[in-house]
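Architecture and fold: a report
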Protein chains: 2
Amino acid sequence: MNLFHDLVALIGEENVSINETILLQHSKDESNHDPAMPDTVVFPTNREDVQKVVKYANEHRIPIVPFGVGSSLEGHSIPIHKGISMDFQNMNAIVEVRPQDLIVKVQPGVTRIQLNQELKKYGLFFPVDPGADATIGGMASTNASGTTAVRYGVMRDQILNLEVILADGRLIHTGSLAKKSSSGYHLNGLFVGSEGTLGIFTEITLKLHGIPESILAARACFPTVRNCVEAAISILSAGISMARMELVDARSIAQVNDYSGTDYPVLPSLFLEFHGNEAGNEEDVQFVQQLLKEHDCTDFVFESDSNKRALLWKARHELSYAFRHSSPKLRAMGTDVCVPISTLPDIVDYTRERIDYYDLDGAILGHIGDGNFHTLVMYDPENQEHVDKMEKLNEEIVKYAFRLGGTCTGEHGVGIGKIKYQQEEHGESLQIMLGVKQMLDPNNILNPGKLLPAAVPQIK
Amino acid sequence: MNLFHDLVALIGEENVSINETILLQHSKDESNHDPAMPDTVVFPTNREDVQKVVKYANEHRIPIVPFGVGSSLEGHSIPIHKGISMDFQNMNAIVEVRPQDLIVKVQPGVTRIQLNQELKKYGLFFPVDPGADATIGGMASTNASGTTAVRYGVMRDQILNLEVILADGRLIHTGSLAKKSSSGYHLNGLFVGSEGTLGIFTEITLKLHGIPESILAARACFPTVRNCVEAAISILSAGISMARMELVDARSIAQVNDYSGTDYPVLPSLFLEFHGNEAGNEEDVQFVQQLLKEHDCTDFVFESDSNKRALLWKARHELSYAFRHSSPKLRAMGTDVCVPISTLPDIVDYTRERIDYYDLDGAILGHIGDGNFHTLVMYDPENQEHVDKMEKLNEEIVKYAFRLGGTCTGEHGVGIGKIKYQQEEHGESLQIMLGVKQMLDPNNILNPGKLLPAAVPQIK
């Protein structure tokens, strides 16, 4: 067996690479996990290419790791057991827009921004916004969400149908074009968030939304993070349907100002967005402003100008990137727990206390409306003391979240880093997950070593 | 083995019945499927009771059919292979309301109206509204939805966690208290809609919503059903977030007037509801009214008065009941396909043409915003010609929906009646569903003969 030559014979020379630079590009993601080179990278151009490679890999027990743009945050696209990295950059067609049905079919390599540029001409948009210009395939694989989930939901809520190639090469579809269905078991939901471990997506059908008539953004500053959180709870309890509701702590604001050239007050802040019609938004904004005052809001600034609004969200979205790339020597570790929102003030206070205790440079920010927040901690991977502290902090936050009834990952996924918490989070349910994996990928060739504790495949 | 005595020994005499009247009550649902008596009815009072009965039944290969209030519409709660009907009327506690988290934990026997009465005091509500005062357990089992799904989603979208007793008696939980999670495979979604075939729910954690500040309802009449549908599409495409959007054809309006004492014009109509703040709703209503005029709306009546609004929705909700119970000699067959909304005018025209062709008394109504509609056809079960026509009509509508990319059931579930369409709808995916069932219920004791084509358990 010669992997490279066999793959070339299957899908053509132009679609297979063992170029060092290409292998290196496919060895890492945006996480702090160590890189690992694949043996080969393939660039399928259609579902048949995917089927051929998967069948071959299954026969020879070769790991396959799907690759979008490498923006994952838990090592999902790192080929830790080597084998094949399958890059979807040549499967990036928007297959069909059905504007009246508010539906689009895309190939997995389509990116979020590419999709929204196309949809604009129909007055439609795809709401899920994890910040990075990730591929739709990658976002579906990790059940990504981000700033708009509080209003529009997560990836799983948007997916009507997946075309999936199973480990044995069978092609299935998991849903239909219907907006809702009570027919059969919900395989859509099972495959979304399966991180490439159950099958490989070759086509994805998504729900779309009409661009709202009016969009307003606002920034609100508070003396403490606790005030921010309590203010957010009061808005949600009042039944106001926020489109975005982000917590950004003072450390993060400093980074925003530094990286994006803004001059926002260096105070714990809420970044808000309202979607609706003009009259409705104005009434909501007034009501929200009143509510925030009761929580000691010191500064409420309305970004009605669309450029300023764009800047606000650009700054927020680039924040994670700004931290991750602030120093070439340092790495950034991001936590991702999600808890019942009433417990957020506690866990956020706890997190700040632990960051200070370890004397780390860390920021707290997140999707407060969902109870999902991130800690971004800078550390030197060469400094073992740093590494130990960072790992302890991550673990402490996860354990605290479990005590509050939460989850170890709100949106980044399990990947490599959260496997060790799966038994504690899921208990006996983990056995069912292992059973599903065993049934669908008995040779464990699909992204082995991710999501579940599982054996390494042996090359045949 | 003596089933009755064994069950009495396990969970107490007061919780087991073989009374004829009780057996009869548990032999049927609201569908047109033939009744079948269980051997015994059990009334568990806690999760331990459920575990004991399930373990016993698994050991002796006795079918268990969960029972809520018997409002299912595809025969889900009919014990077609006899065995045990498990009635959850004694497990109807609202376990915990967490108003700040917008979360509630309930036992499966809690009904929708019971829940909303309790939630009112917190200014909260549970939005899923299938019309019937079903139990939350039953609604979760069939992935029920109804009039509000266009805005708030279906049952599957509301469920954060399920406590489930598996066929072997193991207790699992499928989620957490977090609003969103990317941890592990999505077992919540797999169990919701599994119709009692994978496990039995003993506790359900639901998302809640704040009661909107302002609720407005309206009725709009049109010359044809096609006008109604096209008007609905134009509202959705404009990005207006409707809370309810119902199609009611002229035949249904006649039934509404007759049953509910209203005097609505006997014309194809849309029943609409807007949730938001006052200014926002007013702007939406004005815009919608304009849009509807472009589709030849002849009559737009605003029900701002809360009594009239309540009457409107009561009339709509009782419509199905009104048909089903309009004559003691007749049965009502309901279809339930869901299709991409742009294709609704075609399939609704086709359906009307086929009803007329068979010379049946049938109405068309449904959740037009989701592309989900029902045909209600009255027939005499003693008249074989009637039965044949009704079955042909149902099949023709399902096949037409498949051609349009739709599903055979938008919200009623598969139960008995839609099993024959599962292969055509799901193709190779059906094998995965059968694999999941085999893994979780190898002896096929959990609601056998529902949802999937599967063997009858043999009593040991």
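Note that the coordinates shown come from a computational prediction; the quantities given were computed from them, not determined experimentally.

Domain annotation of chain A identifies domain 1 (3-89), domain 2 (94-210), domain 3 (213-319) and domain 4 (327-414). A C-alpha centroid distance of 41 Å is found between domain 1 of chain A and domain 3 of chain A.

Quick look at the packing of helix H11 (residues 278-293) of chain A against helix H11 (residues 278-293) of chain B now. Between two packed helices, what matters for the description is the angle formed by their axes and the separation of those axes. Two numbers describe how H11(A) lies on H11(B): the axes approach to 7 Å, and their chain directions differ by 175°. Classed by the angle they form, the pair H11(A) and H11(B) counts as roughly antiparallel. Facing A:Glu278, A:Ala279, A:Gly280 and A:Glu283 of H11(A), the residues of H11(B) in contact are B:Glu278, B:Ala279, B:Gly280 and B:Glu283. For the contact of H11(A) with H11(B), the residue count by class is two nonpolar, two polar and four charged.

Our next topic: the UniProt feature "domain: FAD-binding PCMH-type" (unreviewed entry) in chain A. Mapped onto this numbering, the UniProt entry annotates "domain: FAD-binding PCMH-type" (unreviewed entry) at residues 34-211 of chain A. End-to-end, the C-alpha atoms of residues 34-211 of chain A are 40 Å apart, and along that stretch the chain is 24% helix and 24% strand.

Residues and elements named next belong to chain A. Strands sit in the order E1-E2-E4-E3 across an open sheet of four strands; the sheet is mixed. Every interior strand has two partners, whereas the edge strands, strand E1 (16-17) and strand E3 (64-67), have only one. Pairing of E1 with strand E2 (residues 40-42), which is carried by two bridges, proceeds in the antiparallel orientation. Within E2, the residue paired with Val16 across the bridge is Val42.

Moving on, we come to the sheet that holds strand E12 (residues 214-221) of chain B. Residue and element names in this part refer to chain B. One open sheet holds the seven strands; their spatial order is E15-E12-E14-E13-E17-E18-E16, and the pairing between them is antiparallel. The sheet is open, and its two borders are formed by strand E15 (299-303) and strand E16 (331-334), each paired with just one other strand. Averaged over all neighbouring strand pairs, the angle between strand axes comes to 20°, with direction disregarded. Against the sheet, H11 contacts E12, strand E14 (269-276) and E15, and its axis sits at roughly 155° relative to E14. Together, strand E17 (361-367) and strand E18 (372-379) form the strand contacts of helix H13 (residues 344-357), whose direction differs from that of E17 by roughly 165°.

Least-squares fitting of chain B to chain A yields an RMSD of 0.0 Å, with the superposition described by an axial translation of 0.0 Å and a rotation of 180°. The superposition of one copy onto the other is thereby described by a two-fold rotation axis. Scanning chain B for the C-alpha nearest the rotation axis identifies B:Gly280, at a separation of 1.7 Å. A shared interface surface links the copies, since 100% of the contact residues of chain B are contact residues in chain A too.

Under the counting rule described, the total for this entry stands at 12 aromatic pairs over all chains. Measuring from ring centre to ring centre gives 6.5 Å for A:Phe300 and A:Phe302, while their planes differ by 45°; the resulting arrangement is tilted. Ring geometry for B:Tyr357 against B:Tyr358: centres 5.0 Å apart, planes inclined by 75°, an arrangement best described as edge-to-face. One aromatic cluster is present, built from ring pairs that chain together A:Tyr264, A:Phe271 and A:Trp313. Directly above the ring of A:Trp313 sits A:Arg244, whose terminal nitrogen or CZ lies 4.9 Å from the centroid. Positioned above the aromatic ring of A:Tyr357, the side-chain terminus of A:Arg354 is 4.2 Å from the ring centre.

This brings us to the interface of chain B and chain A. Chain B puts 85 residues into the contact, and the matching count from chain A is 85 residues. Taken together, the two surfaces of chain B and chain A that pack against each other cover about 6,300 Å², and 56% of this comes from carbon and sulfur. Three residues, B:Lys180, B:Ser182 and B:Tyr185, lead the burial of chain B against chain A; their summed loss comes to 16% of the area buried on that side. Where chain B packs against chain A, one counts 46 residue pairs in polar contact (both at pLDDT 80 or more). Elements supplying a minimum of two residues to the side of chain B that touches chain A: helix H7 (155-158), strand E9 (171-173), helix H8 (187-191), helix H9 (225-237), H11, helix H15 (422-426) and helix H16 (429-440) of chain B. For the side of chain B that touches chain A, the element with the most residues is H16(B), which contributes nine residues.

The rules behind each value
Residues numbered from 1 in each chain as written. Chains lettered and ligands numbered in written order. Predicted model: local features only at pLDDT ≥ 70, side-chain atom pairs only at ≥ 80, totals over all residues. Heavy atoms only, no water. Domains from an automatic or database assignment. Axes fitted to C-alpha atoms, helices over the stretch in contact; angles between N-to-C directions. Helix = DSSP H or I, 4+ residues; strand = E, 2+ residues; numbered from the N terminus. Parallel < 35°, antiparallel > 145°, perpendicular 65-115°, else oblique. Contact = heavy atoms within 4.5 Å. Nonpolar A, V, L, I, M, F, W, Y, C, P; charged D, E, K, R; others polar. UniProt positions renumbered as here; feature names shortened; annotations may be inferred. Pairing = 2+ DSSP bridges. Least-squares fit on C-alpha atoms with pLDDT ≥ 70 in both. Phe/Tyr/Trp six-rings, centres within 6.5 Å; stacked < 30°, edge-to-face > 60°. Lys NZ or Arg CZ within 6 Å of the ring centre and 35° of its normal. Buried area = accessible area lost by both parts, 1.4 Å probe. Polar contact = N/O pair within 3.5 Å; in protein donor to acceptor, adjacent residues only side chain to side chain.

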